[in-house]
Amino acid sequence: MRQAAADRDPFLLIGSSAVPVAVACAIFLTATDRKRLKKVAWSHKSEYRQRVRAQIVLHAARGRSNARIARETGLHLDTVRRWRRRFAEQGLAGLQDRQRSGRPSSFTPLQAVEVKALACRLPAESGVPLSRWPCPELAREAVTRGIVTFLSASTVRRWLKADALKPWQHHSWIFITDPDFRPRAQRVLDLYARTFEGTAMGDDEYVISADEKTSVQARCRCHPTLAPGRARAMRVNHA
């Protein structure tokens, strides 16, 4: 009976004296807020902590007390109070985690920018015998250049991810300069489709190719290799 009274009355009778009980914050939801909270509260893709917080607010919006919400959800009473109050004061933004100070950064912003700038340059410009920059090599080169005293590949990967830099990837393309490319290519494509001079080839007819090893043929660069940039892989032209 005392628990039920505490749910309804801001005063709890203990012995012969009345002890004041904190009144829960009233929660009023707009249609938009209710829709967003329901989506988070009942979605299997939502983070568990966000799902729990949304459910607390939805229960509170129905006029339920903190004690009842705690009993029905199996949460601690202080947890229910905290997120109910945070939503009442800040709205949906109050359900997000507050920024924590954490430990001081081991690197300065300038060091991070210098490593990113190095990732946007070709390894050949630094005299490194590599075609592309992997994260371990970038970390090693940054230490060699004296940018940092120590740097892990995971830290480099995190910095590059923030600016969508992927220097270990590249795209290849070819600019066609032969004016007779189309008729020559058509003949080769017809052979791949087992067609010769407009006639389908029989089962006892074969096509033998003597030039399939494109990786060992001589290549020249008609255009200089384009270094990687933000959300852009390194571009290499083959001819």
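In this text, all values refer to a predicted model and were calculated from it rather than measured experimentally.

**Student:** Which residues make up helix α9 (residues 181-192), and what values go with them?
**Tutor:** A rise of 1.5 Å per residue sets the reference length of α9, with its 12 residues, at 16 Å; its end C-alpha atoms lie 17 Å apart and thus fit the reference within 8%. Within α9, only 0 of the 12 residues are buried, which leaves the element largely exposed. Looking one or two residues past α9, Arg 194 carries a phi angle of roughly 60°, positive in sign.

**Student:** Residues and numbers for helix α3 (residues 48-61), please.
**Tutor:** Here α3 is 14 residues long and its end C-alpha atoms lie 20 Å apart, about the 20 Å a rise of 1.5 Å per residue gives. Of all 14 residues that make up α3, 10 are buried, and the element is covered over most of its length. When α3 is considered as a whole, its buried residues turn out to be Gln 50, Val 52, Arg 53, Ala 54, Gln 55, Ile 56, Val 57, Leu 58, His 59 and Ala 60. Buried residues in α3 make contact with α2 (31-41), α4 (66-73) and α5 (77-90).

**Student:** How would you summarise the pattern of salt bridges if you had to cite specific residues and measurements?
**Tutor:** Enumeration over the complete set of coordinates arrives at 10 salt bridges. In this structure, the salt-bridge partner of Asp 97 is Arg 49, at a minimum N-O distance of 2.6 Å. Here Arg 49 lies in helix α3 and Asp 97 lies in the loop between α5 and α6 (109-119), a separation of 48 residues in the sequence. Residue classification places Asp 97 among the partly exposed positions, given a relative accessible area of 32%. Residues Asp 97 and Arg 53 are paired through a salt bridge, measuring 2.7 Å at the closest nitrogen-oxygen approach. Of the two residues, Asp 97 is situated in the loop between α5 and α6 and Arg 53 in helix α3; the sequence distance between them amounts to 44 residues. Ionic contacts of the salt-bridge type, sharing partners, join the residues Glu 47, Arg 49, Arg 53 and Asp 97 into one network.

About the cut-offs
Residues numbered from 1 in each chain as written. Predicted model: local features only at pLDDT ≥ 70, side-chain atom pairs only at ≥ 80, totals over all residues. Heavy atoms only, no water. Helix = DSSP H or I, 4+ residues; strand = E, 2+ residues; numbered from the N terminus. Expected span 1.5 Å × (residues − 1). Buried < 20%, exposed > 50% of the residue type's maximum accessible area, 1.4 Å probe, protein only. Contact = heavy atoms within 4.5 Å. Salt bridge = Lys/Arg side-chain N within 4 Å of Asp/Glu carboxyl O.

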